[in-house]
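Below, each chain spelled out in residue letters.
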Amino acid sequence: MAKGYWLSTGFIKDGEGMQPYLKALKDWLPSVNGEFFVRDLATIEKESTLGHLTVIIEFPSKEDAVSAYESEEYQKMIPLRTPYSDLTLTIFEGFKLFSSY
């Protein structure tokens, strides 16, 4: 089964204000089998304006990634970050090597 991912890009406007969200996210991720795959606060933009932040969180499957996002726990975390950041979050499935299209 292919892994599922959250891809978040954008800008942090207030690093100090983001701390409660980041702590809550870090503490919560193991409970939904999620883990940080990529964290970069200094993304180099070449052909877009995605922002200086890139984070990829890996889950066992796309369904797990969707369930984690839709969970009551995560929905309560969103207001902890929105005043302090301008981020996008995309959920996608990882590439299955040698799979058919």
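Note that this is a predicted model, so its numbers are computed, not measured.

Is there a simple way to explain the nonpolar core in this structure?
Within soluble globular proteins, side chains that are nonpolar tend to cluster in buried spots. In this structure, Trp-6, Leu-25, Trp-28, Leu-29, Ile-57, Phe-59 and Tyr-74 are the most contacted members of the largest nonpolar core, which totals 17 residues. Broken down by secondary-structure element, the contributors of at least two residues to this core are helix H1 (15–28), strand S3 (53–59), helix H2 (62–70) and helix H3 (72–81). Those residues within four positions of Ile-57 in sequence are excluded, and the remaining contacts are Gly-4, Tyr-5, Trp-6, Leu-25, Leu-29, Gly-34, Glu-35, Phe-36 and Phe-37.

Help me understand the packing of aromatic side chains, please; the structure alone is not making it clear to me.
Aromatic ring pairs are described here by two measures, namely the spacing of the ring centres and the angle between the planes. With the rule as written, the count across this model stands at nine aromatic pairs. Put simply, the rings of Trp-6, Tyr-21, Trp-28, Phe-59, Tyr-69 and Tyr-74 touch in pairs and so form one group of aromatic residues. Lying over the aromatic face of Phe-36, Arg-39 brings its terminal NZ or CZ to 4.3 Å of the ring centre. Looking at Arg-81, its charged tip hangs above the ring of Tyr-21, at a distance of 5.8 Å from the centre.

Hey, could you run me through the pattern of salt bridges in this one?
Oppositely charged side chains are able to pair whenever their charged atoms sit close together. For the coordinates displayed, the defined rule picks out two salt bridges. Glu-72 is the partner of Lys-76 in a salt bridge, and the nearest nitrogen-oxygen pair spans 3.2 Å. Here Lys-76 pairs with Glu-72, and both are found in helix H3, just four residues apart, close to one helical turn. Exposure class is identical for Lys-76 and Glu-72. Each is exposed.

I tried to follow the packing of H1 against H3 on my own but got confused; where do I start?
Packed helix pairs are characterised by how far apart their axes lie and by the angle those axes make with each other. Contact pair H1 / H3: the axes reach a minimum separation of 8 Å and the direction vectors enclose 160 degrees. Judged by the angle between their axes, H1 and H3 are roughly antiparallel. Here H1 and H3 pass one another in a crossing that is left-handed. Where H1 abuts H3, its residues Gly-17, Met-18, Pro-20, Tyr-21, Ala-24, Leu-25 and Trp-28 lie against Glu-73, Tyr-74, Met-77, Leu-80 and Arg-81. Here the residues of the contact of H1 with H3 are counted per class, giving nine nonpolar, one polar and two charged.

Any chance you could explain the sheet that holds strand S1 (residues 4–12) here in plain terms?
The strands making up a sheet associate through hydrogen bonds between their backbones, and the pairing can be parallel or antiparallel. The antiparallel open sheet is built from four strands, whose spatial order is S2-S3-S1-S4. Both outer strands of the open sheet, strand S2 (35–40) and strand S4 (85–93), are each paired with one neighbouring strand and no more. Going across the sheet, the axis of each strand differs from the next one's by a mean of 15 degrees, ignoring polarity. Along the sheet, H1 contacts S1, S2, S3 and S4; its crossing angle with S1, the most-contacted strand, is approximately 170 degrees.

What's the story with the side chain of Ser-85 in this structure? I'm lost.
Inspection of the secondary structure assignment puts Ser-85 in strand S4. The exposure class assigned to Ser-85 is buried, which follows from its relative accessible area of 6%. Within the local environment of Ser-85, its side chain forms a polar contact with the backbone oxygen of Arg-81, the two atoms lying 2.9 Å apart. If sequence neighbours within four positions are ignored, Ser-85 has contacts with Phe-11, Ile-12, Lys-13 and Met-18.

What counts and how
Residues numbered from 1 in each chain as written. Predicted model: local features only at pLDDT ≥ 70, side-chain atom pairs only at ≥ 80, totals over all residues. Heavy atoms only, no water. Core = buried A, V, L, I, M, F, W, Y, C linked by side-chain atoms within 4.5 Å. Buried < 20%, exposed > 50% of the residue type's maximum accessible area, 1.4 Å probe, protein only. Helix = DSSP H or I, 4+ residues; strand = E, 2+ residues; numbered from the N terminus. Contact = heavy atoms within 4.5 Å. Phe/Tyr/Trp six-rings, centres within 6.5 Å; stacked < 30°, edge-to-face > 60°. Lys NZ or Arg CZ within 6 Å of the ring centre and 35° of its normal. Salt bridge = Lys/Arg side-chain N within 4 Å of Asp/Glu carboxyl O. Axes fitted to C-alpha atoms, helices over the stretch in contact; angles between N-to-C directions. Parallel < 35°, antiparallel > 145°, perpendicular 65-115°, else oblique. Left-handed = near helix turned anticlockwise from the far one by under 90°. Nonpolar A, V, L, I, M, F, W, Y, C, P; charged D, E, K, R; others polar. Pairing = 2+ DSSP bridges. Polar contact = N/O pair within 3.5 Å; in protein donor to acceptor, adjacent residues only side chain to side chain.

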